[in-house]
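# Working through the structure, step by step
Chain by chain, the residues run as shown.
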Amino acid sequence: MEGVVERACAKLNLGLAVRGRREDGYHELHTLFATVDVCDEVRLAAAPEGVALRVAGDVDVPAGPDNLAWRAAEAYLGAAGVPGGVAIELTKHVPAGAGLGGGSADAAAVLRGLARIYPGEVNLPVLALELGADVPFLLRGGLAEARGVGEQLVYLKPVEAHFVLVKPPFEVPTAAAYAALEERDYGPDLDVAAIVKALRQGTVPPWRNDLERTVFFAYPPLADLKRLLEEHGLAGALMSGSGSTLFAPVETREKAERYADALARRYPGFWVRAASLVGGEEA
């Protein structure tokens, strides 16, 4: 399949503060987004009309209108007003229901790719936000402080950092995780400067995720997994987004890969990866 190719890289929340509930029913967030080098591949080619989506890879996701990549294509084609369509080949490596923004990354990649195939007067950030709160950040990726529902972005200088990612064999529905929040779960802003400084120095960042209490209550194995990771020497383990992926910082890529290999053997059936931060489209 000829056309354009886009990488759709997973994101981590390097801390997630829930500041309170908004009048529109969503929650006010303060988070530090970062993209890592665990990525899907999105190939796009012009077609006479409509949207065609083929999914491959090691993650099972829908290949029709229920897929966010499909909806992103329909949204862009409609906004651009172009007469043509698009054929998409999506090769999945980022698991679903993992707190890693896999579907959002695919949608962002489709928007970027279609902007190359069918250039037009389309406001990509606005279109991205209509698709999901993580999609505006994933249009560019890199490292960014985010507020609102995640759409108010301040991009930061790239940081070299390495992690071990561990996802147990179950998903956590994002909507249910936020619906279970209580007022006692709301917390102050993250200390973004201190988190970034710790990452640069290779020390454990002073981060937190305000969703952990309710998600761990609903999914006790996640709380057990966090404790076990710390017992294995992975200090500072944290849940990304609403889970179910936990991640922990390590000093080098080589150490991350050694940990990932050991954990994959110890926890068969779990999704385990070494990952490093990657710069954004404009970084």
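Residue numbers here run from 1 along each chain, matching the order of that chain's written sequence. Local features in this predicted model are restricted to residues whose pLDDT is 70 or higher, and side-chain atom pairs enter the listing and the counts only when it is 80 or higher, whereas totals over whole chains, interfaces and linings include all residues. Only hydrogens and water are set aside when side-chain values are computed; all heavy atoms of the structure are taken into account.

### Examining the nonpolar core
For soluble globular proteins, the rule of thumb is that nonpolar side chains tend to be buried together. In this structure, I88, V110, L111 and L114 are the most contacted members of the largest nonpolar core, which totals 36 residues. The contact criterion used is simple: two residues touch if any of their non-hydrogen atoms lie within 4.5 Å. With sequence-adjacent residues up to four places away left out, L114 is seen in contact with L44, A73, Y76, L77, V86 and P119. As used here, the term nonpolar core means buried Ala, Val, Leu, Ile, Met, Phe, Trp, Tyr and Cys residues forming a set that is joined through side-chain atoms within 4.5 Å. For each residue, the accessible area found with a 1.4 Å probe, counting protein chains only, is set against the maximum for its type, and the residue is called buried under 20%, exposed over 50%, and partly exposed in between. Within the second largest apolar cluster, 28 residues are counted, among which are V215, L222, L225 and M239.

### Considering helix α3 (residues 124–131)
Think of it this way: any DSSP run of H or I at least four residues long counts as a helix, any run of E at least two long counts as a strand, and we number them from the N terminus. Among all positions in α3, only L124, L127, A128 and L131 are buried. Looking straight down α3, one finds its buried side chains confined to an arc of 100°; they lie on one side. Buried residues belonging to α3 abut α1 (68–80), α2 (102–117) and α4 (135–140). Any pair of nitrogen or oxygen atoms within 3.5 Å is treated as a polar contact; in protein, a donor-acceptor pairing is required on top of that, and neighbouring residues in sequence qualify only through side-chain atoms on both sides. At the N-terminal boundary of α3, the capping side chain belongs to N123, with an oxygen 3.2 Å from the backbone nitrogen of V126. Summarising the geometry, the arc corresponds to the directions from the helix axis toward the C-beta atoms.

### Section: the packing of α1 against α3
An axis is simply a line fitted to the C-alpha atoms; with a helix, the fit covers only the stretch in contact. Between two such axes, the angle follows the N-to-C directions and lies from 0 to 180 degrees. For the pair α1 and α3, interaxial distance at closest approach is 10 Å and the crossing angle is 140°. Comparing their axes, α3 and α1 come out oblique. Here α1 runs over α3; the crossing is right-handed. Contacts between α1 and α3 involve L68, R71, A72, A75, Y76 and A79 from the former and L124, L127 and L131 from the latter. Amino acids outside the nonpolar list (Ala, Val, Leu, Ile, Met, Phe, Trp, Tyr, Cys, Pro) and the charged list (Asp, Glu, Lys, Arg) are all regarded as polar, and Gly is one of them. By residue class, the composition of the contact of α1 with α3 is eight nonpolar, no polar and one charged. These descriptions rest on fixed angle ranges, namely under 35 degrees for roughly parallel, over 145 for roughly antiparallel, 65 to 115 for roughly perpendicular, and the rest for oblique. A clockwise turn of the near helix away from the far one marks a right-handed crossing, whereas an anticlockwise turn of less than a right angle marks a left-handed crossing.

### What about the pairing of strand β4 (residues 85–92)?
The pairing criterion for strands is at least two bridges between them, as found by DSSP. The sheet contact formed by strand β2 (residues 27–47) and β4 spans seven bridges and is antiparallel. Bridging from a neighbouring strand, A45 pairs with A87 of β4. When strand β3 (residues 51–57) meets β4, the two strands line up parallel, connected through seven bridges. Bridge assignment links V55 to a residue of β4, and that residue is L90.

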